[in-house]
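# Structural description and commentary
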Amino acid sequence: MADCGGKAAASILRRSFPLSNRISLQISVGDLTKCSVDAIVNAANERMLGGGGVDGAVHRAAGPQLYEACRAVPEVRPGVRCPTGEARITPGFKLPARYVVHTVGPIYKNDNESAALLRASHLSSLDLAVKQGLTSVAFPAVSCGIYGYPVSRASHIAVKSCIDFGDEQGLNSPLRNIEFVLFSQDIYNAWVAAAEDLVHRS
Ligand code: AR6
């Protein structure tokens, strides 16, 4: 279990759900930049050079080396280091987390493509973490701030992606903990509702 800066609330606002293949899903309220996990996932944009929201907080907490590491990520086309739905990894520098997995969620539109891209951003983040041999990964509510994704819909897509990822992982997978570290009780409630809805049915 990661300490994510939500100490006062941690005893109440934390739930744990077992996924398959020895992976546990944790949901809590806290500050992602304070999480002592192998990797935190940053809700970045395609340029990967920082921004507002959690991206701004991650860059401030990690220090200027993170900006330099992001700038060194090759562009796949002009101005795009990480296309929407994909992920890239850098060190965490001054963060308690060893790595930052930068993913880009979709700007919300009420269509199937948004849902597919939000799923892809979770799956590619988890895939990258496993390829790096990481055991614990903490996500924010990707796309639920500036990118406008409705929280209840996003929570179902995010949790279902983790369940499906867990189902597909072989016994050799190092991943043991997938966390969602959420910034408010409303968002936390949505994630818990999604997990209660989805985990026991799968
Ligand atoms: N810890 C946990 N969650 C946080 C934190 C934190 N320290 N700070 C904010 N959140 P957003 P997006 C929550 O807007 O919607 C940036 O400019 C926040 O309350 O950060 O994917 C990027 O550069 C919300 O629930 O990400 C992109 O341009 C969630 O994190 C764009 O915003 C995500 O909100 C990405 O927008």
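None of these values were measured; they are calculated from a predicted model.

## Some remarks on the site of the ligand
Near the ligand there are 22 residues, and of these Asn-45, Gly-52, Val-54, Asp-55 and Ile-146 occur at the shortest range. At 2.9 Å from a nitrogen atom of the ligand is found a main-chain nitrogen or oxygen belonging to Leu-32. One nitrogen or oxygen atom from the main chain of Cys-144 is found 3.5 Å from an oxygen atom belonging to the ligand. Surface burial for the ligand is 90%, taken as the share of its 700 Å² of free accessible area covered by protein chains. By residue number, the principal contributor to the shell around the ligand is helix α2 (residues 53-62), which donates 3 residues. Grouping the constituent residues of the shell around the ligand by class yields 12 nonpolar, 8 polar and 2 charged.

## Re the nonpolar core
Leu-25, Val-159, Ile-178, Phe-180 and Trp-191 are the most contacted members of the largest nonpolar core, which totals 42 residues. Only β2 (24-29), β3 (39-43), β5 (99-103), α4 (112-131), β6 (136-139), α5 (151-168), β7 (177-182) and α6 (185-198) provide two or more residues apiece to this core. Discounting chain neighbours no more than four positions away, the residues touching Trp-191 are Ile-27, Ala-141, Cys-144, Val-151, Ala-154, Ser-155, Ala-158, Val-159, Phe-180 and Leu-182. Counting residues in each nonpolar core, the second largest holds 20 residues, with Leu-49, Ala-62, Val-73 and Val-100 among its members.

## What to know about the pairing of strand β1 (residues 14-18)
Bridging between β1 and β2 involves 5 bridges; their strand directions are antiparallel. Residue pairing in the sheet places Arg-15 in a bridge with Ile-27 of β2. Between β1 and β2, which pair antiparallel in sequence order, lie 5 residues; one of them, Asn-21, sits at a positive phi of approximately 55°.

About the cut-offs
- Residues numbered from 1 in each chain as written.
- Predicted model: local features only at pLDDT ≥ 70, side-chain atom pairs only at ≥ 80, totals over all residues.
- Heavy atoms only, no water.
- Near = heavy atom within 4 Å.
- Polar contact = N/O pair within 3.5 Å; in protein donor to acceptor, adjacent residues only side chain to side chain.
- Areas by Shrake-Rupley, 256 points an atom, 1.4 Å probe, with all protein chains shown as cover.
- Helix = DSSP H or I, 4+ residues; strand = E, 2+ residues; numbered from the N terminus.
- Nonpolar A, V, L, I, M, F, W, Y, C, P; charged D, E, K, R; others polar.
- Core = buried A, V, L, I, M, F, W, Y, C linked by side-chain atoms within 4.5 Å.
- Buried < 20%, exposed > 50% of the residue type's maximum accessible area, 1.4 Å probe, protein only.
- Contact = heavy atoms within 4.5 Å.
- Pairing = 2+ DSSP bridges.

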